[in-house]
Amino acid sequence: MKKYCIFGLIFIAVLFVSIISPRLFTQSYRLTKVGYIDLQRVIKEVTSDQELLDVLKQKQEEINNQNSEEDNSESSIANSRDTSLKGQVRKQVSNSLMNIVRKEGYTLILERTEHSILYADRTFDITESVIADVKSSLRK
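Structural notes, computed from the coordinates.

Conventions adopted
Residues numbered from 1 in each chain as written. Predicted model: local features only at pLDDT ≥ 70, side-chain atom pairs only at ≥ 80, totals over all residues. Heavy atoms only, no water. Helix = DSSP H or I, 4+ residues; strand = E, 2+ residues; numbered from the N terminus. Contact = heavy atoms within 4.5 Å. Areas by Shrake-Rupley, 256 points an atom, 1.4 Å probe, with all protein chains shown as cover. Expected span 1.5 Å × (residues − 1). Buried < 20%, exposed > 50% of the residue type's maximum accessible area, 1.4 Å probe, protein only. Salt bridge = Lys/Arg side-chain N within 4 Å of Asp/Glu carboxyl O.

1. Here we look at the overall build of the protein chain
So, step 1. Of the regular secondary structure elements, the protein chain holds six helices and two strands.
So, step 2. Secondary structure elements of the protein chain occur, N-terminal to C-terminal, as α-β-α-α-α-α-β-α.
So, step 3. For the protein chain, long-range pairs separated by at least 24 residues make up 82% of all intrachain contacts whose partners lie at least 6 apart in sequence.
So, step 4. As displayed, the protein chain has an accessible area near 10,600 Å², and 57% of this comes from carbon and sulfur atoms.

Written as structure tokens, this is what we have:
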């Protein structure tokens with residue numbers, strides 16, 4: 001009777017280890033790094049700096065000049081893009097955000113709005129680093 005109990009316990013232990021061990025050694029349980037950004041604040045900070053506004057307006061004029069020089073068939077596609085000043089800011093913010101995501105290994109970024117995030121610790125806020133990255137990329 002003791003032999004059967006010992007064999008039963010060994011069988012259960014082997015079964016348990018065989019089920020658990022693949023999950024321990026694969027990346028299916030990798031750590032999740034989460035952050036959030038206050039997009040309205042980023043846009044407000046970037047557009048309040050006159051030097052950055054001048055750079056953005058210059059880029060906007062270059063894009064508008066390129067669009068006017070293209071053929072009508074191609075310019076209709078180009079005009080579907082947002083070439084406004086706010087569109088240029090959003091493009092810069094998006095590029096900077098993707099740079100930060102790649103550098104720091106974020107797996108999820110949320111936008112902080114009035115209704116989307118009820119509470120989040122400030123350690124997850126990456127708004128300042130995005131603002132700094134946008135400003136540095138525009139000043140280059």
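2. Focus: helix 5 (residues 85-104)
Think of an α-helix as turning once every 3.6 residues; residues three or four places apart then point the same way.
So, step 1. Spanning 20 residues, helix 5 covers 29 Å between terminal C-alpha atoms, matching the ideal 28 Å at 1.5 Å per step.
So, step 2. Of all the residues in helix 5, the buried ones are Gly87, Gln88, Val89, Gln92, Val93, Ser96, Leu97, Ile100 and Val101.
So, step 3. Where helix 5 terminates, the next one or two residues include glycine 105, which has phi positive at roughly 75 degrees.

3. Thoughts on the environment of glutamate 128
So, step 1. Following the sequence through the fold, glutamate 128 ends up in helix 6 (residues 127-139).
So, step 2. Taking relative accessible area as the criterion, glutamate 128 reaches 49% and is therefore assigned partly exposed.
So, step 3. Residues glutamate 128 and valine 42 lie 86 residues apart in sequence; the distance between their C-alpha atoms is 8.1 Å.

4. Details of the pattern of salt bridges
So, step 1. Enumeration according to the criterion identifies three salt bridges in this entry.
So, step 2. Close ionic contact of arginine 139 with aspartate 49 constitutes a salt bridge, the shortest N to O distance being 2.6 Å. Of the two residues, arginine 139 is situated in helix 6 and aspartate 49 in the loop between helix 2 (39-48) and helix 3 (50-69); the sequence distance between them amounts to 90 residues.
So, step 3. We classify arginine 139 as partly exposed; its relative accessible area is 43%.
So, step 4. A relative accessible area of 17% means that aspartate 49 is categorised as buried.
So, step 5. Ionic contacts of the salt-bridge type, sharing partners, join the residues Asp49, Glu51 and Arg139 into one network.

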